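Structure assessment
What follows is the residue order along each chain.
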Amino acid sequence: MFLAQNCFSTHVSHFYAFRYKHQKRGVRVKYAEHEGYRFCYFSRGEPGTRPSVLMLHGFLFNKDMWLNTIKLFPQDLHVVCLDMPGHGRTTRLLGESYAAADQAKKIHQFAKCVGLSRKPFHLVGISTGGMVAGVYAALYPSDVCALSLLCPAGLRYPASRDTIRRLQQEQRPASADDFLRHGLYRPTRTALQVKTPYSCSLLSVLLLHGKGFLDLSSEKSRYSLHETMSKIRAPTQIIWGKHDKVIDPSGAEILADTIPNSQVHVLEKCGHFIAVDRPKKSTKLLLEFYNSVCGTVENKITLD
């Protein structure tokens, strides 16, 4: 009972904190319905002559993880950040499959529902969101004009480097906050303010998202990106933190060796949560890649 109350109070405080951030960033929270399934997302800007950007977050997070990146994007760039299936305020169904390919199909429904797929868009995904983004690009190549993968899951590694095995080790993080610290190069107080929506034990969080975790890590889904990466045709950007302790950075070479039109950026002093560790550098790279593939937008980012 105490754990439930603590989780609820934490969720409420995060809700108001992020609602303030939404207003400050100028984003609008919206909903889209498809056959009784509700997608929650926020957007900024309006569709125009240049491609839109669709951003997919990682496991245990939600669309709010992109708020610091959105802050650095040009105001007139049309950006959509989606609560992934089973996360945030998007529908969570126990009978639903959360395997990577099934999530990609759901997101394809979302893109059609909101008119995003009327013309090709720039697809960005981080961690498990990167895994789903890569599978999406392989399944629906006509939807994607550019693909950015930030430390994606879903690759086949030697046993010692396997992500799922890492999560099953004795020394796994005990709480969602510990997991965030584990994924940061330098977990400063400021960096830790950008946290998952949960501050409860990792066990309670995994119980909440247990079906999604089991489906993503199943034999059917675990190596989905590895098995479909040869079908990716869009120009692809691969960004990885050199000090990633969650997913091994050697995955960048695996992807680059298979995807023909690809470029790799390995960031110094950066862990798994790239958008938190290196927000300016990663956003600068995203915009430079967008400009090279999709047309120029103004870039006013200066690096420290």
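Look up: the structure comes first, before these words.
Cut-offs used in this document
Residues numbered from 1 in each chain as written. Predicted model: local features only at pLDDT ≥ 70, side-chain atom pairs only at ≥ 80, totals over all residues. Heavy atoms only, no water. Core = buried A, V, L, I, M, F, W, Y, C linked by side-chain atoms within 4.5 Å. Buried < 20%, exposed > 50% of the residue type's maximum accessible area, 1.4 Å probe, protein only. Contact = heavy atoms within 4.5 Å. Phe/Tyr/Trp six-rings, centres within 6.5 Å; stacked < 30°, edge-to-face > 60°. Helix = DSSP H or I, 4+ residues; strand = E, 2+ residues; numbered from the N terminus. Salt bridge = Lys/Arg side-chain N within 4 Å of Asp/Glu carboxyl O. Pairing = 2+ DSSP bridges. Axes fitted to C-alpha atoms, helices over the stretch in contact; angles between N-to-C directions. Expected span 1.5 Å × (residues − 1). Parallel < 35°, antiparallel > 145°, perpendicular 65-115°, else oblique. Left-handed = near helix turned anticlockwise from the far one by under 90°. Nonpolar A, V, L, I, M, F, W, Y, C, P; charged D, E, K, R; others polar.

**Things to note about the nonpolar core**
Counting residues in hydrophobic clusters, the biggest one holds 80 residues, and the most contacted among them are L54, M55 and W66. Residue contacts for L54: discarding those within four places in its chain leaves V80, L82, I107, F110, L116, F121, H122, L123 and V124.

**Section: the packing of aromatic side chains**
This model, assessed by the stated rule, comprises 6 aromatic pairs. Between F39 and F110 the ring centres are 5.3 Å apart and the planes differ by 55°, which places this aromatic pair in the tilted class. Separated by 71 residues along the polypeptide, F39 in strand 2 (residues 37-44) and F110 in helix 3 (residues 100-113) bring together distant segments of the chain. F110 sits in the buried class, given a relative accessible area of 0%.

**Side note on the pattern of salt bridges**
Scanning all chains against the criterion turns up 8 salt bridges. A salt bridge links E46 to R28; the shortest N-O distance between them is 2.7 Å. Taken together, the residues E46 in the loop between strand 2 and strand 3 (53-56) and R28 in strand 1 (residues 28-34) connect sequence positions 18 residues apart. Relative accessible area serves as the criterion here: at 40%, R28 is assigned to the partly exposed category.

**Describing the sheet that holds strand 8 (residues 262-267)**
Taken together, the 8 strands give an open sheet; going across it, the order is 1-2-4-3-5-6-7-8, and neighbouring strands pair in mixed fashion. Of all strands in the sheet, those bounded by a partner on one side alone are strand 1 and strand 8. Across the sheet, the mean angle from the axis of one strand to that of its neighbour is 20°, orientation sign disregarded. Of the pairings in the sheet, the one linking strand 1 to strand 2 comprises 7 bridges and is antiparallel in character. Within the sheet, the bridge partner assigned to H34 lies in strand 2 and is Y37. Its contacts with the sheet place helix 11 (residues 251-258) against strand 6 (144-150), strand 7 (236-241) and strand 8, and it is angled at close to 170° to strand 7.

**Things to note about helix 13 (residues 279-294)**
With 16 residues, helix 13 ought to run about 22 Å at 1.5 Å a step, and its terminal C-alpha atoms sit 21 Å apart, in line with that. Immediately downstream of helix 13, the backbone of G295 shows phi near 115°, a positive value.

**Description of helix 4 (residues 128-139)**
For helix 4, with 12 residues, the first-to-last C-alpha span of 16 Å sits near the 16 Å given by 1.5 Å per residue. For helix 4, the tally of buried residues reaches 11 of 12 residues, placing the bulk of the element in the interior. Taken together, the buried positions of helix 4 are T128, G129, G130, M131, V132, A133, G134, V135, Y136, A137 and A138.

**Observations concerning unusual backbone geometry**
Trans is the common state for peptide bonds, and a negative phi is the common state for residues other than glycine. Non-glycine residue L60 carries a positive phi angle of around 75°. When you line up the elements, L60 lands in the loop between strand 3 and helix 2 (67-72). You can call L60 buried: its relative accessible area is 3%. In this model, K269 sits at a positive phi of 50°, which is unusual for a non-glycine residue. Structurally, K269 is set in the loop between strand 8 and helix 12 (274-277).

**Re the environment of H22**
Here H22 lies in helix 1 (residues 2-25). In this structure the C-alpha to C-alpha distance between H22 and F42, which are 20 residues apart in sequence, comes to 8.6 Å.

**Considering the packing of helix 3 against helix 4**
Running from amino to carboxyl end, helix 3 crosses helix 4 at an angle of 70°, the nearest separation of the two axes being 9 Å. Overall, the two elements helix 3 and helix 4 adopt an arrangement that is roughly perpendicular. For the pair helix 3 and helix 4, the crossing hand works out as right-handed. Contacts between helix 3 and helix 4 pair A100, A101, Q103, A104, I107, H108 and A111 from the former with M131, V132, V135, Y136 and L139 from the latter. Taken together, the residues of the contact of helix 3 with helix 4 break down into 10 nonpolar, 2 polar and no charged.

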